[in-house]
Each structure stands twice: as structure tokens, then as C-alpha cells.
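Examination of the molecular architecture
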Amino acid sequence: MLDSIQIAFDVESQGEYKVLLNGNECSGTKVIPIEVLPTHKLNTLEFCGDVVVNKLVLDNIDTEYFVHHGFIENSQRGNASKTCVKYFFKTPIWSWFLDWKQNDNSVIRELSKAHQGFIPL
Amino acid sequence: MTIRLSENYPKLIRDLFLYDVGEEHYPNKELTPQQIFQQVSYMPLDLETSYDAEAMLEETIELPYTQSSTDADRCYLYGPAGTNDPRCELLNSNNTEFEYKINMDTCPAIKDFIEKMNAIGQVTYISFKRMMPKHFINPHVDSNCNPFKVYIPLTWPQGTYFKMYKKGIIPFKPLVPFLVNTGNNIHSVVNDSNEIRYIFSFYADWSTLGWQTITKNSYGKLTVDL
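Remember, predicted model here, so these are calculated numbers, not experimental data.

A word on the overall build of chain B. Each helix and strand counted, chain B has five helices and 11 strands in total. Taken against the 2.2 N^0.38 rule, which gives 17 Å for 226 residues, the C-alpha radius of gyration of chain B at 17 Å falls within 12% of a compact globule. Each of the three principal axes of chain B carries a C-alpha extent, and together these read 45 × 45 × 35 Å. Expressed as a percentage of its 226 residues, the buried residues of chain B come to 54%.

Residues and elements named next belong to chain B. In total, this model carries 35 aromatic pairs over all chains according to the counting rule given. Both rings, one in Tyr 42 and one in Phe 178, keep their centres 6.5 Å apart while their planes meet at 45 degrees; by these two values the pair is tilted. Taken together, the residues span a long stretch of sequence, with Tyr 42 in strand β1 (residues 42-44) and Phe 178 in strand β9 (residues 178-181) at a distance of 136 residues. Assigned by exposure class, Tyr 42 and Phe 178 land together as buried. For the pair Tyr 78 and Phe 98, a centre-to-centre distance of 6.4 Å together with 20 degrees between the ring planes defines the contact as stacked.

Here we come to the pairing of strand β11 (residues 197-204) of chain B. All names here are of chain B. Within β11, eight of the eight residues are buried, which leaves the element mostly enclosed by the surrounding structure. Burial of the side chains of β11 extends over both faces: Arg 197, Ile 199, Ser 201 and Tyr 203 are buried on one face and Tyr 198, Phe 200, Phe 202 and Ala 204 on the other. Judged from the eight bridges that link them, strand β4 (residues 123-131) and β11 form a sheet pairing that is antiparallel. Looking across to β11, one finds that Val 123 is bridged to Ala 204.

The next subject is the nonpolar core. Residue and element names in this part refer to chain B. Grouped together as the largest cluster of nonpolar side chains are 54 residues, with contacts concentrated most on Phe 128, Phe 202 and Trp 211. Looking at this core, the element that brings in the most residues is helix α4 (residues 108-120), giving six residues. Residues within four places of Phe 202 in sequence aside, it is in contact with Phe 113, Met 117, Val 123, Tyr 125, Ile 126, Lys 149, Val 150, Ile 152 and Trp 211.

A few words on the state of the cysteines. Within the structure shown, the criterion is met by two disulfides over all chains. The side chain of Cys 48 of chain A participates in a disulfide bridge whose partner is Cys 84 of chain A; the two sulfur atoms lie 2.0 Å from each other. Classification of the bridge connecting Cys 48 of chain A and Cys 84 of chain A rests on its S-S torsion, roughly 110 degrees, and on that basis the disulfide is right-handed. Here Cys 48 of chain A, found in strand β4 (residues 43-58), pairs with Cys 84 of chain A, found in strand β9 (residues 84-89); they are 36 residues apart in sequence, far enough to count as distant. Covalent S-S linkage joins Cys 88 of chain B and Cys 145 of chain B, the inter-sulfur distance amounting to 2.2 Å. Because the sign of the S-S torsion sets the handedness, a value of about -80 degrees for the bond joining Cys 88 of chain B and Cys 145 of chain B places this disulfide among the left-handed ones. Here the residue Cys 88 of chain B occupies a position in the loop between β2 (72-80) and β3 (98-100), and Cys 145 of chain B occupies one in the loop between β5 (136-140) and β6 (148-153), the gap between them amounting to 57 residues.

Definitions and limits used
- Residues numbered from 1 in each chain as written.
- Chains lettered and ligands numbered in written order.
- Predicted model: local features only at pLDDT ≥ 70, side-chain atom pairs only at ≥ 80, totals over all residues.
- Heavy atoms only, no water.
- Helix = DSSP H or I, 4+ residues; strand = E, 2+ residues; numbered from the N terminus.
- Rg over C-alpha atoms; globule rule 2.2 N^0.38 Å.
- Buried < 20%, exposed > 50% of the residue type's maximum accessible area, 1.4 Å probe, protein only.
- Phe/Tyr/Trp six-rings, centres within 6.5 Å; stacked < 30°, edge-to-face > 60°.
- Pairing = 2+ DSSP bridges.
- Core = buried A, V, L, I, M, F, W, Y, C linked by side-chain atoms within 4.5 Å.
- Contact = heavy atoms within 4.5 Å.
- Disulfide = S-S within 2.5 Å.

Read these as spatial facts, not as claims about activity.
See the structure below:
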């Protein structure tokens, strides 16, 4: 049996948009209980449409500026797209997010960010 | 050791304290200072100096703090001459002149302590921190800072915790200095007590013989107990 977590988000859109978890469309409003993959697998979460993702709360944990690290068209990163913004995450969320945060704030990454601005991971 | 915090704290912090079972392990052999800096996340540090901790605490309580609504109030007390508060000794700084940042006439015990530390080797930045009950510091890495700092609790009320991700709870006690690597390890601090917590921390020139000797000797004393 798969584990379940709750996701909440704040999305601005021009027209309709879809939320896809691991390729499957989620129905519901802005708080959705979802079944996630086993801990060694990467989950994908996509917001498809003309969208801006302003906030992403996974398992009741605010992922802060991770929201700006979505994968968008033309090999770019960000939180806005005319097609889809795609995020990757693992569970448990607390552990995955701390690993991500530690990596994003490492000295090497900070130097790159200071020199180039935001760069893809 | 895992801790169940009160619901007062964000879920990320509660989960970190509850589910992270990582511990610090010390290699049971002699290490060079360089190896200690590379491999140890925290350890007690014997400063080999006496100081008047009671007087320091009295002075600490009266310091002019910059207040914070949720984390720790700060008082920047000693650091590079002529610059704004860098909040830590920055990795890219090469300062050679240091000065007190407040009038030290009312803090003779703290001043005496700093002079004793400078006699070991140059101290590069000192700040005092006051944390109110139920306040917390979100998980973060001090990546722009000198990774290694000396952290000295003046008070450590029951319910106060310093958690380093995958390395456990640092076993702080009042007046026991620790060397902590906060530049490479994500960490979070909570005061889940009803008392105010006072600590101070400082950065030093770790390349000086004095600080390398203190570090190596402290590790040596630690391995005796393993």
C-alpha cells in the first residue's frame, strides 16, 4: 500500500489548469491528499496550463523558495509557464526538503548563484 | 535521541526533531587539526582558560540586543573594524583589524574573556544571542560563514535543543564550549522552555597555532572517554 501525503498550493492561472501527480491527474481543490511512490523513488508534480505557482506545501511543510525551482519549457527553471511547471520530490518530505536545502545552500552552490544568478541544479 | 516538540513549532522542525535519528561519531584515533575540521561536526572544546562566567551572564543579560519576532535576538559585540555587521566571519573576508562594537565599560568580564581568547589566536567575530521561550531558528546552513565556530551556552534551560541534521542533538550544558561546524551542516534551534536562553558564539583564525592546539588537545581528551 502506498503512503499518502497532503499537498496544498497557491496557483494563479489564465484559464483552466491541471495538476498531475506522477503523471496522473489529481482532482480536487487546493488541498489534495495524494498517494506517493516508495521512499527510494522520485515523485513528479506538474501544474499544466498558463500558470504561476506561488506556494507549495507538501505534507504540511512549506517548501519556501523551492517553488521557484520548477522545471519549465526550454530547459529553464522557475515557477511560471505557459505549458507546465514540473517539480520533483521524495518522501518523507522533511528529510527530502532538508537535503535539498542543504545542497542549495552549500558553498559551491552559493558561489554559483552569486556569480550567475539562478542556475539550474 | 529524538524529541517530540510542542505543536508550537512548524512541522518541518517537529519532524526533524522527531524522526531524524542520526548521531555524531568520533573516529577512535588521533586526528590532526585539519582532519578534525574536515570530519567532526561538533565536539566539546577545552579553552584551557578560566573566566568569570557568572559575571559574564550578568553582563550578557544587559546587552543591547536587536530583537527578532521568532528566532534569536542578537548583539554584535566584536568583529572586523569599520564594517557593518556581516552576521558572521564571512568566508571571503581577509580582515586584519578588529574592534569592539559597543561600549565595553559595562562589560568588563566579557572584555576580559575576549582578551584571553585573542591571546590564544585572533578572534574574528563575536555575537551574543538571547532566545525567548517558544522561539526557534528554522533549519539552515551558515554557508557564507567560516564553517567552524565556538558556541558557549551561558544558560541552557531544559527544553532547549540544538539539532544538527543527521548528527543528532548537540549535548550542550551551561558553560561547556563546543566547536560546531554550522557551515556544512543544516541545523535548527528551539527554546521549548519557559525561560530565556543566553549563549554567545565566536569565530577564530583557525590557522593560528593557539587555536589548532586547543582543537587538537580537546579532541585528544574526548577520545580518552571513548
